[in-house]
Every structure is written in structure tokens, then in C-alpha cells.
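The primary structure of each chain is shown beneath.
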Amino acid sequence: MRELDIPESVGGGLLATLQRSYGGLSIKGRLLLLAGILFLPCVGLIAYVIVSMAQSADVSIRRGLSYAAQTISGAVDAEVRRYIALAEVLGTSPDLNADNLADFEAEARRVGLVTGDSWIIVSDADGRLLLNTLAAPGKPLGQRTSEGLRSQHRAFETGRPSISDVFTGPNSGEWVATVDIPVFKDGKPFRCLSIAMPAANYTRLLAQQDLPADWLVGIIDANGRYISRIPKNATTTGQPASAGWRANAKVDGIAEFPSIEGDRIINANAHPQLSGWTVGVGIKQGAFAQAISSTVKTATIAATTICALALLLAAGIAASIARPLDSIAVKSAVPGAAAPSDPPEVRALNARLAAAEQAQAESSRIIQDNFRLLAKAKDDASRTAEQLKLAAKYGRLGTFTWDGRTGASHWSDEIEELYGLAPETFPGTYDAWLALVHPEDQARADRDNKQALITGELDSEWRVPLPDGSIRWIEARARMLGGEGGSDPYMIGVNIDVTAAKEADRKRELLVHELAHRVKNSLAVVQSLAHQLLPRHDAKVRDFTSRLHALATVHTSLAENDWQGADLAALIRSQVAPFASAPDQLLLSGPTILVPVELTTQLALVIHEMACNASKYGALTTPDGRVEVGWSLGPDALHVRWQETGGPAAQEPPVVGFGSRLLTRTVRHLQRTFSETGLTCQFELPWLENRGEGAAAALSEAN
């Protein structure tokens with residue numbers, strides 16, 4: 001390799017000295033120098049990565065503080081919302097509105113037993129206590145505390161629930177806060193219903209949060225007094241928070257100030273929506289700096305080790321290159337220059353070293369570019385993973401995998417939460433999962449999962465009893481991977497919390513059944529009015545009430561089928577049975593058909609009128625009479641055949657009555673045969689077209 005070409009006019013004697021020093025370097029020394037020069041950009045890049053990691057650790061910890069504060073704020077709102085819901089239910093008690101405090105006290109004490117550590121308070125509009133389930137019977141109650149009275153006035157002014165700041169309860173001697181619900185009578189303040197929430201509840205709530213041991217977590221009220229704090233250290237409930245926190249209590253986000261112990265802390269605030277309280281999550285600056293320095297220290301040790309190993313490797317490579325060159329090198333007038341008399345190997349080596357120098361420079365540039373791309377890809381992957389984690393958490397969705405070779409399952413933290421487990425406590429076995437399923441659903445869940453091993457798809461749902469006694473509905477979707485060509489099967493899937501959807505379906509069914517009940521009651525009321533207001537022995541009145549009964553029967557059939565239609569055989573049987581003296585008087589034949597809702601009432605009225613006529617003039621007038629009803633379904637119509645036998649001879653009625661008019665208006669292709677053996681009637685009902693007129697139009701036309 002050629003020596004550095006440095007003009008003597010630049011730098012004078014110093015440059016000449018450097019030139020001589022470089023010229024005295026051996027090939028091994030020059031290779032080590034080259035490696036060192038090329039290694040400098042890598043060292044700089046490593047230093048840049050270490051600094052970036054320190055900054056990322058700083059941002060990550062601050063973001064973690066804010067996220068934890070928001071999470072705890074949501075938990076506080078959930079706890080307060082539970083008490084608000086209970087108070088609002090009690091606030092609608094008729095005994096409370098009727099000022100019947102004796103009966104209301106019994107109800108309130110039962111609720112107090114359910115809630116456990118809370119108690120019920122009732123006061124009038126001026127704050128005079130009328131009821132306290134914690135107080136001994138007969139003990140004078142007196143007035144509400146100043147904090148409670150302020151919250152009560154706020155509730156009456158806004159007409160909404162109000163959450164008080166903490167105060168010492170005069171009966172319990174404990175630090176409490178109250179949920180105050182205003183009760184109005186004739187548009188004026190009448191009573192204030194309050195539920196006392198012990199501050200110890202929120203200490204337990206904070207203790208349940210899975211947070212690092214060196215983090216400080218606290219809740220203060222609107223006056224800056226502690227409701228709860230962990231670890232307590234030098235604080236108690238009701239004690240004013242540090243001046244720094246009180247000054248920054250209304251500020252969302254990160255702030256730095258001295259704690260009540262005098263330590264400098266970094267704190268993140270969040271504000272629950274239902275109260276004027278503040279949730280703070282902080283960390284001492286010393287612990288904060290130690291966490292970052294630990295990251296930097298680890299990265300520095302790793303980088304230093306890599307650099308040392310790289311230099312040792314470069315020295316070994318330089319020695320291995322210089323050793324064979326020493327045996328073929330030929331001294332020349334200019335050290336390092338290849339003279340024409342040098343061996344061909346030396347000249348080729350010089351050329352290759354020059355090319356290698358250029359290639360190494362290009363490699364260094366590529367390595368730097370790759371490091372930048374790697375850092376960006378890592379940041380993008382971290383951001384995407386965080387987004388997916390948040391989506392799974394707030395979408396109530398968890399993921400799992402199952403290894404067919406080992407039979408082990410791996411659950412995400414979200415799916416363990418769905419089953420009421422603490423993170424990383426699921427043992428991963430099939431039997432452990434099946435034991436978590438509701439006993440009534442275990443057989444079906446086991447069958448569906450084993451069937452998925454055959455079909456490759458899982459689509460099932462089951463119930464899971466939670467530790468608090470509630471039930472959660474889980475929907476499972478999964479797909480089998482692998483399993484072909486001798487490879488082991490592998491399943492991936494998700495579990496979704498569908499409890500809310502199941503509850504919505506249940507409420508919808510209740511509403512449908514309630515509607516059906518109300519309609520039947522309305523028909524019963526109409527029937528009762530007809531009996532009371534019209535002559536009881538009038539045949540038209542009997543026919544009217546009979547038709548009302550037919551409509552009620554149709555409505556019952558539709559309600560039993562969730563308004564999806566009515567079974568044709570059951571529909572015919574329900575309309576003919578009231579007129580038959582024995583069950584064997586009715587014979588049915590035909591396929592199982594679900595009659596659409598829009599045709600059910602029309603068909604029921606037609607069958608009812610024919611059965612009514614058969615009981616007056618036809619086969620159902622004698623015990624030996626029979627009615628045979630058969631049907632078939634064509635491309636666009638339902639074909640029905642009504643045949644009477646065993647009764648008197650059928651005669652065409654001299655006057656067209658209501659039944660004939662209804663039949664003519666409702667059906668098509670009507671054919672009636674009046675013979676000695678009885679009436680034979682055939683007709684069709686359109687099946688595919690939308691009959692917009694409905695039963696009401698048919699009745700109107702018949703009348």
C-alpha cells in the first residue's frame with residue numbers, strides 16, 4: 001500500500017515527522033491503524049444509540065407514569081360510579097319519597113349489608129340528619145358535617161350526584177367521602193340520600209394496582225388533602241399534600257416538585273371525571289436517574305465488549321496478513337511503495353489492499369445506513385406493538401396459541417384478565433382451561449375444541465365464572481395452522497368478551513315477552529268489555545269473542561317462536577281444538593312449515609272461521625265427525641285442503657256471511673264442494689309476494 005501523500009509545505013516539520021513515523025509502520029501496524037480509523041464511525045454510532053436509548057428510557061418512564069395515573073383515575077371513577085348507581089336506585093324508593101323513613105331504613109340497612117363497609121345517610125334540605133344506618137337506634141343524629149353539607153348543596157344546585165371531599169365521620173370516627181343524591185318533591189329539594197365511602201376503600205384500590213415498588217401513588221381531594229397514598233411513609237388520610245403537588249394538582253401531565261418527605265419527584269396527574277379529586281403517580285428523581293443509568297450502563301458494557309473483541313479480532317487478522325507478506329517483501333527506495341523489481345505478489349497485494357480500502361469505506365457507509373434503518377424499524381415495531389396491546393385491552397380481546405406437539409397453551413395478559421386470572425398465572429394445560437369454564441358449558445366447550453382439531457376452525461362460546469361471583473360470556477375464534485406433511489399442528493386464536501352483547505339479547509327477549517304479554521292483556525280487556533257491554537247470549541258477540549281468542553292464540557304462537565313465524569301444524573291445531581270434542585276429530589298431514597309473520601294472522605282467521613262453521617253446520621257437530629287438513633308448499637304458494645267427513649250433508653249457505661267474505665278476500669283459487677259426505681275446500685295462499693294489506697285489510701273488506 002502506498003504511503004500518505006502529504007505536501008511538505010503544509011505543516012512544515014511536524015508533518016515531516018508524521019510522515020516518517022507512518023513510513024516506519026509495518027504492514028501489521030498500518031492494518032491496525034486502518035481498522036482503528038474505520039472503527040471510529042461505528043464507535044460514534046454506538047454512542048449515538050446509547051444516548052438515544054437513554055432518551056427513550058426517559059420518555060418511556062414518563063409515559064408509564066401518565067398511563068398509570070390515567071388507569072388509576074379510571075378505577076377511581078369505576079368505584080365511585082358503583083356507589084352512584086346504588087344511591088340512584090335507593091333514591092327512587094317510594095318509601096323515601098313518601099317520607100316513610102321507617103320502611104326505608106329497613107331497606108337501607110339491607111343494602112348496607114350488601115355493600116359491606118359503607119352506610120346510608122338521609123338528611124333534609126337543611127342538612128339535618130334523619131337517618132344513619134351506622135348510628136345506634138335512638139341516638140340523636142344532629143347536623144351533617146360542613147364538607148357533607150357543601151356537597152349536599154352542590155347536589156341540589158346541579159340536580160346531579162355530588163362527591164364530597166374527605167372528612168371525619170361523627171358516628172364512625174373514620175375518614176370518609178360521600179356520594180350525595182338529591183331527591184326533589186314537587187320540584188323542590190326534599191331529601192338528600194348519601195352513601196358513605198370509607199377512605200380505606202381507595203387504599204385497597206391502590207394496593208391492587210400492579211405498579212413498580214419504587215413508585216409513589218396518591219389520591220387527594222379538591223382541598224389538597226390525602227384520601228389515600230401508597231406507600232404511606234409520612235402521610236395519613238386527611239393530611240394536606242405537599243405544597244408542590246397542591247400547586248400543580250389542577251395540571252394534567254408531568255410536573256416536578258418536592259414530595260412531603262422532601263424528596264424531589266417526577267409526578268403525573270390525572271383527574272377522575274366524577275369528582276374533584278386528583279390522582280398522582282410519581283417516582284423519586286434518584287430512582288428515575290438510576291433506571292436510566294442502568295440502561296446506559298448495560299448498553300455501554302455491551303458496546304465496550306464488542307469493540308474490544310473487534311479490535312482483538314482485527315489484530316489477529318492483521319498478524320495473519322502480515323506474516324506471509326514479510327517473507328516476500330522486497331525493500332525499495334520508498335517504504336511502502338511497490339518497485340518494478342518487487343515480486344508480482346506484492347504488487348497484486350497493493351492493488352487488492354487499495355480496492356479493499358475502498359470496499360471497507362463503502363461497507364462502513366452501508367453499516368451506518370443499516371443501523372439507522374434498524375433503529376427506525378425497532379421504533380416502528382414498538383409503536384405498533386403498543387397500539388395492538390391497547391386495542392386488545394380496550395376491545396376486551398385476548399390472544400392465545402396452542403402447540404399440538406406439547407399440548408401447551410400460551411395466553412396473553414388480556415385473555416388471562418378475561419378469565420379473572422392474574423397475569424402469567426395460567427399453567428397452560430387443557431384441563432386447567434376447562435376447569436375455568438362454567439360447569440354447565442364444559443361439555444359443549446370440550447366438544448367444540450376437539451371438533452376444531454378435525455375441521456381446522458373453532459367458533460364457539462361459553463361462560464366463565466369470575467372470582468367476584470359474576471359471569472362473563474367468552475366467544476372463541478381460532479384456526480389450525482400446519483399439520484400437513486408430518487408437521488405438528490399449531491392453533492392461533494382469540495377470546496372476546498361478549499357479555500354486553502349477551503345482556504343486550506336478554507333484555508331484547510324480555511322486551512319481546514313483555515310486549516306479547518301486554519298485547520294479550522289488551523285482547524283480554526277487549527273481550528271483557530264485550531262481555532260486559534254487549535248482550536251475553538247474542539251469537540254475534542260469541543263469534544266476536546271467539547275471533548279475539550283466535551287472534552290471542554296466534555299472538556302466543558308468534559311470541560313462542562321469537563316472532564320468526566309460526567309452525568303451520570301447531571297453528572291449525574290451536575284454531576280447531578276449541579271446537580272439537582275429542583283430539584282425534586282433527587287429522588293433519590303435510591311437511592313441517594314455518595309460516596311467515598305477515599301470513600300467520602290471515603291463515604289463522606281463515607282456519608278459525610272454517611272450524612267455527614264446522615262446529616255449527618258441519619263435521620264437528622257430531623262426535624263421529626272428522627276434519628282432515630293437508631297442505632303442500634309450491635314454488636310461490638301454500639296449497640291447503642280442508643275436508644269434512646262423518647257429519648251432516650254439506651249445503652251451500654243461502655246468505656254470504658262473514659266467514660265466506662273473509663275466505664274469498666284472503667285466499668286465491670278457492671274451490672268449495674258441498675256434498676252428502678261433507679264440505680271439501682281447497683285454496684292457496686301466496687307465499688313469496690309481500691302482502692302489504694295484511695289481516696286488517698282482509699277483515700275490513702270482509703265486513
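The structure this text deals with has already been given above.
All of the points below concern the structure found in this document. (Residues numbered from 1 in each chain as written. Predicted model: local features only at pLDDT ≥ 70, side-chain atom pairs only at ≥ 80, totals over all residues. Heavy atoms only, no water.)

## Some points on unusual backbone geometry
Next, step 1: Put simply, I230 and P231 share a cis peptide bond, and its omega is -15°.
Next, step 2: Following the sequence through the fold, P231 ends up in the loop between strand 8 (226-230) and helix 7 (243-248).
Next, step 3: One non-glycine residue, E424, lies in the positive phi region at around 60°.
Next, step 4: When you line up the elements, E424 lands in the loop between helix 10 (413-418) and helix 11 (430-436). (Helix = DSSP H or I, 4+ residues; strand = E, 2+ residues; numbered from the N terminus.)

## Digging into the packing of helix 15 (residues 568-576) against helix 16 (residues 597-617)
Next, step 1: Here helix 15 crosses helix 16 at 40°, and the two axes come no closer than 9 Å. In terms of axis orientation, helix 15 runs oblique to helix 16. Like other packed secondary-structure pairs, helix 15 and helix 16 cross with a definite hand, here right-handed. Note on element contacts: helix 16 touches helix 15 through T600, L603, A604, I607, H608 and A611, opposite L568, L571, I572, Q575 and V576.
Next, step 2: Partitioning the contact of helix 15 with helix 16 into residue classes produces eight nonpolar, three polar and no charged. (Axes fitted to C-alpha atoms, helices over the stretch in contact; angles between N-to-C directions. Parallel < 35°, antiparallel > 145°, perpendicular 65-115°, else oblique. Left-handed = near helix turned anticlockwise from the far one by under 90°. Contact = heavy atoms within 4.5 Å. Nonpolar A, V, L, I, M, F, W, Y, C, P; charged D, E, K, R; others polar.)

## Brief notes about the pattern of salt bridges
Next, step 1: The full count for this structure, using the stated rule, is 22 salt bridges.
Next, step 2: Its salt-bridge partner being D441, residue R444 comes within 3.4 Å of it at the nearest N-O pair.
Next, step 3: Classification of R444 as partly exposed rests on a relative accessible area of 27%.
Next, step 4: Here R477 makes a salt bridge to D459, at a shortest N to O gap of 2.9 Å. Taken together, the residues span a long stretch of sequence, with R477 in strand 15 (residues 471-482) and D459 in strand 14 (residues 457-465) at a distance of 18 residues.
Next, step 5: One salt-bridge network, in which partners are shared between bridges, spans E147, R150, D221 and R225. (Salt bridge = Lys/Arg side-chain N within 4 Å of Asp/Glu carboxyl O. Buried < 20%, exposed > 50% of the residue type's maximum accessible area, 1.4 Å probe, protein only.)

## What about the packing of aromatic side chains?
We describe a pair of aromatic rings using the distance from one ring centre to the other and the angle between the two ring planes.
Next, step 1: Following the criterion strictly, the structure yields seven aromatic pairs and no others.
Next, step 2: With 5.8 Å between their ring centres and 80° between their planes, F156 and F184 make a pair best called edge-to-face. On the criterion of sequence distance, the pair formed by F156 in helix 5 (residues 146-158) and F184 in strand 5 (residues 175-185) is long-range, its members being 28 residues apart.
Next, step 3: Among the residues examined, F156 registers a relative accessible area of 13% and is labelled buried.
Next, step 4: Since its relative accessible area comes to 34%, F184 is described here as partly exposed.
Next, step 5: Site record: aromatic cluster; members linked through ring pairs are W411, Y419 and F426.
Next, step 6: A cation over a ring is seen here: R82 above Y83, with NZ or CZ 4.6 Å from the ring centre.
Next, step 7: Across from the ring centre of F190, 4.8 Å away, lies the NZ or CZ of K185, which sits over that ring. (Phe/Tyr/Trp six-rings, centres within 6.5 Å; stacked < 30°, edge-to-face > 60°. Lys NZ or Arg CZ within 6 Å of the ring centre and 35° of its normal.)

Interpretation in functional terms is not warranted from these geometric data alone.
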